[in-house]
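One-letter residues, chain by chain:
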Amino acid sequence: MSDLELLTQSLARNVKHWRAVRGFTLDVLAARAGVSRGMLIQIEQARTNPSIGTVVKIGDALGISVSTLLDYEQGPKVRIVPAERAVRLWHTEAGSYNRLLAGTEAPGPLEMWDWRLMPGDRSPSEPHPGGTVELVHVTAGELTLTVDGEEYRVPAGASASFEADIQHVYSNTGEVPMEMVMAVSVPPVP
């Protein structure tokens, strides 16, 4: 079975599981996530490979991390994620990407990401649920972070944190690749 097939089946199983745990019908989850009921049916039947944006919306609506949605190895309290198992969820032909390095539910979803943006690339993000916080640490190049329409420059070696319940964009307006590590903390679903 390919990695994509494994992830598609894991996503199907985990969306069904967490929807049942939360007591959400397909219609309730669709409304909370802003995703069509038909898309949720396709996901739960492992018949589609949804975009990272769709997976994030579903995770936010369920109050769980993307890593939990894609997890195919539920294990002991200590969980090692080998480098080759980090999940690349977004990429461009220019070579930009993000990778989900690890995640946990503590008490709400907590995720750690590895990002690379090539010069000229950008990645917009819709607002996350209220109380979501993102932390970034730039390890190479310079990040242009736009939060609620205001630009901030974050050079290599610097870090930033912000409330991510408003629209935000990660951009590389420089001449060299930008690399960063990002942590996302989402509050638990009440």
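These notes cover the structure that comes with them. All values derive from a computational prediction rather than experimental measurement.

**Topic: helix α2 (residues 26-33)**
Residue pairs three or four apart in sequence face the same way in an α-helix, which turns once every 3.6 residues.
Moving on, step 1. Looking only at α2, the buried set comprises Leu26, Leu29, Ala30 and Ala33. Take α2 and look down its axis: the buried residues cluster within an arc of 100°, on one side only.
Moving on, step 2. Looking at the buried side of α2, the elements it contacts are α1 (3-22), α3 (37-44) and α4 (52-62).
Moving on, step 3. After α2 finishes, the residue Gly34 shows a positive phi value of roughly 70°.

**Focus: the layout of surface pockets**
Moving on, step 1. Volume-wise, the largest pocket comes out at about 550 Å³.
Moving on, step 2. As for the largest pocket, its lining consists of 29 residues, and the residues nearest its centre are Ile52, Gly53, Val56, Ser125 and His128.
Moving on, step 3. Secondary structure elements with two or more residues in the lining of the largest pocket: α2, α4, β3 (109-117), β4 (122-125), β9 (168-171) and β10 (178-185).
Moving on, step 4. The element that contributes the greatest number of residues to the lining of the largest pocket is α4, accounting for six residues.

**Overview of the pairing of strand β7 (residues 150-155)**
One face of the sheet, then the other: side chains in a regular strand alternate in exactly this way.
Moving on, step 1. Alignment of strand β6 (residues 142-147) against β7, held across six bridges, turns out to be antiparallel. Across the sheet, Thr146 pairs through a bridge with Glu151, a residue of β7.
Moving on, step 2. Counted between consecutive antiparallel strands, the loop separating β6 from β7 contains two residues, among which Asp148 sits at a positive phi close to 55°.

**With respect to the packing of α2 against α4**
Moving on, step 1. The geometry of α2 relative to α4 is characterised by a closest axis approach of 8 Å and an angle of 110° between their N-to-C directions. On the basis of the axis angle, α2 is roughly perpendicular to α4. By crossing handedness, the relation of α2 to α4 is classed as right-handed. Touching Leu29, Arg32 and Ala33 of α2 are Lys57, Ile58, Ala61 and Leu62, all from α4.
Moving on, step 2. Class assignment of the residues belonging to the contact of α2 with α4 gives a composition of five nonpolar, no polar and two charged.

**Focus: the sheet that holds β6**
Moving on, step 1. One open sheet accounts for four strands, arranged β4-β9-β6-β7; its pairing is antiparallel. Each edge of the sheet is formed by a strand with only one pairing partner; in this case those strands are β4 and β7. For this sheet, the mean angle separating the axes of adjacent strands, direction not counted, is 20°.

Definitions and limits used
Residues numbered from 1 in each chain as written. Predicted model: local features only at pLDDT ≥ 70, side-chain atom pairs only at ≥ 80, totals over all residues. Heavy atoms only, no water. Buried < 20%, exposed > 50% of the residue type's maximum accessible area, 1.4 Å probe, protein only. Helix = DSSP H or I, 4+ residues; strand = E, 2+ residues; numbered from the N terminus. Arc of directions from axis to C-beta. Contact = heavy atoms within 4.5 Å. 1 Å grid on protein atoms, 1.4 Å probe; cavity = no way out; pocket = protein on both sides within 12 Å on 5 of 7 lines; lining within 4 Å. Points joined across faces, edges and corners; volume = space filled by probe spheres on them. Pairing = 2+ DSSP bridges. Axes fitted to C-alpha atoms, helices over the stretch in contact; angles between N-to-C directions. Parallel < 35°, antiparallel > 145°, perpendicular 65-115°, else oblique. Left-handed = near helix turned anticlockwise from the far one by under 90°. Nonpolar A, V, L, I, M, F, W, Y, C, P; charged D, E, K, R; others polar.

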